[in-house]
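# Results of the structural survey
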Amino acid sequence: MGMPEFGNLLIVVAVAFAAPFVLGLFPRVRLPSVVLEIVAGIVIGPSLLGIVEVDQAIEVVAVIGLAFLLFLAGLEIEFEKLRGQALRLTALGFVLSFGIAIVVALLLKAGGLIETPLLVAIILCATSLGVIIPVLKDAGEISSGFGQLVAAAASIADFGAIILLSLFFSGEGGIGSTLLLLGAIFVLGVVVFAVIRGAEHSTKIRADLVRLQDTTAQIRVRAAVVLFIGFAAIAENLGLEVILGTFIAGAIISLLDRDEVMTHPDFRRKLEAMGFGFFIPVFFVTTGVRFDLDALVADASNLVMLPIFLAALVVVRGLPALLYRRAVDGRRTAVAGLLQATSLPFIVAATTIGMELDLIGGAESAALIGAGLLSVLIFPVSGLALLRRGGPPPEPAPEDARESAPIMAM
């Protein structure tokens with residue numbers, strides 16, 4: 001294997017820099033940079049200009065970017081908010097989502113639009129937590145009961161979709177053996193959490209962490225990377241999806257980092273700087289480079305899939321929001337449905353896996369990603385407009401916890 005070349009990677013990272021920078025020059029344009037990153041990738045890739053191809057260097061960075069994306073998604077989950085009525089309603093909502101998704105996917109299969117109904121059903125179940133949290137913050141709703149409900153729903157959709165993907169499309173044995181492997185990695189996660197929590201009680205270890213955390217050692221960041229890579233490697237060796245391992249690693253750190261004594265004010269910011277500063281935008285631009293525009297536009301029937309998949313997202317994730325009528329008013333129920341139907345990163349991740357397993361065709365993958373792009377463009381803006389029309393947000397809920405950092409995660 002020769003040395004990797006950096007010419008293509010240079011163009012990709014330049015695009016990754018330019019996308020948010022250009023958007024920043026036009027603050028009135030409320031467009032998530034991930035959309036522009038993917039679109040720019042399509043422009044520079046083989047589908048249009050053909051000035052970039054995915055080589056060894058880009059491949060490695062993009063794979064780490066996908067893993068980092070799910071790692072930060074796990075880190076985003078606020079477990080203290082997953083309780084009581086919010087947990088009951090959102091968990092029931094996700095179960096209902098999956099049931100509706102199965103029916104919708106079978107109808108799409110009957111119409112000859114998709115190849116693997118179960119995989120598409122799982123893809124339709126996800127929500128982009130990292131897109132909707134900034135929307136809730138902009139609306140002043142992040143601390144309200146409604147905001148916590150939507151954040152809980154997105155967290156459960158994140159977790160549930162990854163579990164379902166790992167359960168049905170990982171492992172060489174049947175579902176039974178995959179369940180055992182899933183159980184094993186979760187048990188390992190609990191053990192690792194307990195060991196680290198126990199080590200934190202050592203005065204010597206605590207003093208060492210504090211001494212090294214802001215030196216060139218960046219010891220907390222290195223510890224997080226060991227956990228991140230460690231669970232990725234374990235998941236891979238067990239035959240499970242790497243993204244499941246990295247998601248669990250992020251969730252473990254989220255649980256550990258709640259300790260006021262042990263945490264560091266810039267710890268999460270440093271991890272996000274690593275992920276969103278380099279690896280994750282390369283993954284999204286690379287997704288655009290790989291986007292099969294030719295397959296999508298080759299046949300008019302392929303283009304028809306775009307609005308159909310977009311409508312499917314609304315039906316699968318929007319309808320279960322009706323359950324929230326017990327907790328919030330009709331307007332906020334409609335907003336919750338729109339926000340829940342917003343999905344892109346998981347669609348990209350799952351279609352990537354589906355293409356590798358030959359379960360999804362190029363046109364189908366492009367149409368799903370295109371529907372995800374449209375959902376990110378349309379639904380959050382529409383939801384925000386509806387919220388603003390509804391007047392000022394309610395008072396923050398009493399159990400308000402720390403605000404989570406907005407990430408472009410699932």
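Sequence positions are assigned chain by chain, starting from 1 and proceeding in written order. Predicted model: local features are reported for residues with pLDDT of at least 70 only, side-chain atom pairs are reported and counted for 80 or more only, and whole-chain, interface and lining totals are derived from all residues. Note that water and hydrogens are dropped before the side-chain values are worked out from all heavy atoms of the structure.

Attention shifts here to the overall build of the protein. Per the secondary structure count, the protein includes 17 helices and zero strands. Throughout, the radius of gyration refers to the C-alpha atoms, and the reference size of a globule is 2.2 Å times the residue count to the power 0.38. A compact globule built from 410 residues should have a C-alpha radius of gyration of about 22 Å, and the protein, at 21 Å, falls within 12% of that. With respect to the three principal axes, the spread of C-alpha positions in the protein is 65 × 60 × 55 Å. In the structure as shown, the protein presents an accessible area of about 17,400 Å², 67% of it carried by carbon and sulfur atoms. Note on conventions: DSSP H or I runs of at least 4 residues are helices, E runs of at least 2 residues are strands, and numbering of each starts at the N terminus. Exposure was quantified through the Shrake-Rupley algorithm and a 1.4 Å probe, taking into account, for residues, occlusion by the shown protein chains and nothing else.

Before going further, it helps to examine unusual backbone geometry. The backbone of glutamine 218 shows a phi angle near 40°, a positive value even though the residue is not glycine. As for its position among the elements, glutamine 218 is in the loop between helix H9 (203–212) and helix H10 (219–237). Only protein chains enter the area calculation, which uses a 1.4 Å probe; residues under 20% of their type maximum are buried, those over 50% are exposed, and those in between are partly exposed. Since its relative accessible area comes to 26%, glutamine 218 is described here as partly exposed. Even without glycine at this site, aspartate 358 takes up a positive phi of about 60°. Relative to the assigned elements, aspartate 358 resides in the loop between helix H16 (345–356) and helix H17 (362–389). Relative accessible area serves as the criterion here: at 66%, aspartate 358 is assigned to the exposed category.

By convention in these notes, a salt bridge is any Lys or Arg side-chain nitrogen within 4 Å of a carboxyl oxygen on Asp or Glu. One pass over the structure, following the stated rule, counts four salt bridges. Two residues, aspartate 208 and arginine 211, come together in a salt bridge whose shortest N-O distance is 2.5 Å. With aspartate 208 and arginine 211 both in helix H9 and three residues apart, the pair spans about one turn of that helix. Judged by relative accessible area, arginine 211 falls into the exposed class, the value being 56%. Ionic pairing is found between arginine 332 and aspartate 329, a salt bridge with its closest N-O pair at 3.3 Å.

Once that is clear, we can look at the confidence of the model for the protein. As a per-residue measure, pLDDT reflects the predictor's confidence and takes values from 0 up to 100. Looking at the protein, the pLDDT average stands at 85 and 91% of residues meet or exceed 70. Per-element mean pLDDT across the protein ranges from 73 in helix H6 (residues 129–138) up to 95 in helix H5 (residues 117–124).

Note on aromatic contacts: the rings of Phe and Tyr and the six-membered ring of Trp form a pair at centre separations within 6.5 Å, being stacked when their planes are under 30 degrees apart, edge-to-face when over 60 apart, and tilted otherwise. A complete count under the given rule lists nine aromatic pairs for this structure. For the pair phenylalanine 68 and phenylalanine 228, a centre-to-centre distance of 4.9 Å together with 45° between the ring planes defines the contact as tilted. A residue pair is termed long-range when its members are at least 10 positions apart, and phenylalanine 68 in helix H3 (residues 56–76) and phenylalanine 228 in helix H10 qualify at 160 residues. With respect to class, phenylalanine 68 is no different from phenylalanine 228; both count as buried.

On to the packing of helix H1 (residues 7–24) against helix H2 (residues 33–44), then. To describe two helices that pack against each other, one gives the angle between their axes and the distance between the axes. As a packed pair, H1 and H2 sit with axes 9 Å apart at the nearest point and diverge in direction by 135°. Between H1 and H2, the angle falls in the class oblique. Note that H1 runs across H2; the crossing there is right-handed. Residues Ile11, Val15, Ala16, Ala19, Pro20 and Leu23 of H1 pack against Ser33, Leu36, Glu37, Ala40 and Ile44 of H2. For this scheme, ten residues count as nonpolar: Ala, Val, Leu, Ile, Met, Phe, Trp, Tyr, Cys and Pro. Four count as charged, namely Asp, Glu, Lys and Arg, and the remainder, Gly too, count as polar. Of the residues that constitute the contact of H1 with H2, the class distribution is nine nonpolar, one polar and one charged. Orientation is described by axes fitted as lines to C-alpha atoms, over the contacting stretch for helices, and by angles from 0 to 180 degrees between their N-to-C directions. We call two directions roughly parallel when the angle between them is under 35 degrees, roughly antiparallel when it is over 145, roughly perpendicular when it lies between 65 and 115, and oblique otherwise. If you view the pair so one helix is near and one far, a crossing is left-handed when the near helix is turned anticlockwise from the far one by less than a right angle, and right-handed when it is turned clockwise. Contacts: residue pairs with any heavy atoms within 4.5 Å of one another.

To continue, consider the environment of leucine 179. Here leucine 179 shows up in helix H8 (residues 175–199). Along the backbone, leucine 179 and isoleucine 163 are 16 residues apart, and their C-alpha atoms lie at a distance of 9.8 Å.

This brings us to the environment of glycine 84. You can see glycine 84 is positioned in helix H4 (residues 84–110). As a C-alpha pair, glycine 84 and glutamine 218 span 134 residues in sequence and 38 Å in three-dimensional space.

Surface patches are drawn from residues lacking salt bridges whose relative accessible area is over 30%; two like charges belong together within 9 Å, two nonpolar side chains (Val, Leu, Ile, Met, Phe, Trp, Tyr) within 5 Å. A cluster of nonpolar side chains, contributed by Phe17, Phe21, Val22, Leu25, Phe26 and Val29, occupies part of the molecular surface with about 610 Å² of accessible area. Along the chain, valine 29 turns up in the loop between H1 and H2.

Attention now moves to the nonpolar core. To qualify as a nonpolar core, a set must consist of buried Ala, Val, Leu, Ile, Met, Phe, Trp, Tyr and Cys residues joined through side-chain atoms within 4.5 Å. One finds Phe71 and Leu165 to be the most contacted residues of the largest nonpolar core, which totals 105 residues. Tallying contributions element by element places H3 first for this core, with 12 residues. With near-sequence residues (within four places) excluded, phenylalanine 71 lies in contact with Ala224, Phe228, Thr246, Phe247, Ala249, Gly250, Ile253 and Leu271. In this structure, Ile133, Leu136, Val150 and Ala336 belong to the second largest nonpolar core, which totals 25 residues.

A separate point is the environment of alanine 126. When you line up the elements, alanine 126 lands in the loop between H5 and H6. Apart from residues lying up to four places away in sequence, alanine 126 is in contact with Ala157, Ala161, Arg317, Gln340, Ser343 and Phe346.

This part takes up the side chain of threonine 127. Counting through the fold element by element, threonine 127 comes out in the loop between H5 and H6. You can call threonine 127 buried: its relative accessible area is 1%. Two N or O atoms count as a polar contact when they lie within 3.5 Å, although within protein this holds only if one can serve as hydrogen donor and the other as acceptor, and sequence-adjacent residues are included solely when both atoms are side-chain atoms. Within the structure, the side chain of threonine 127 is placed 3.0 Å from the side chain of arginine 317, a separation counted as a polar contact. At a separation of 2.7 Å, a polar atom in the side chain of threonine 127 contacts the main-chain carbonyl oxygen of glutamine 340.

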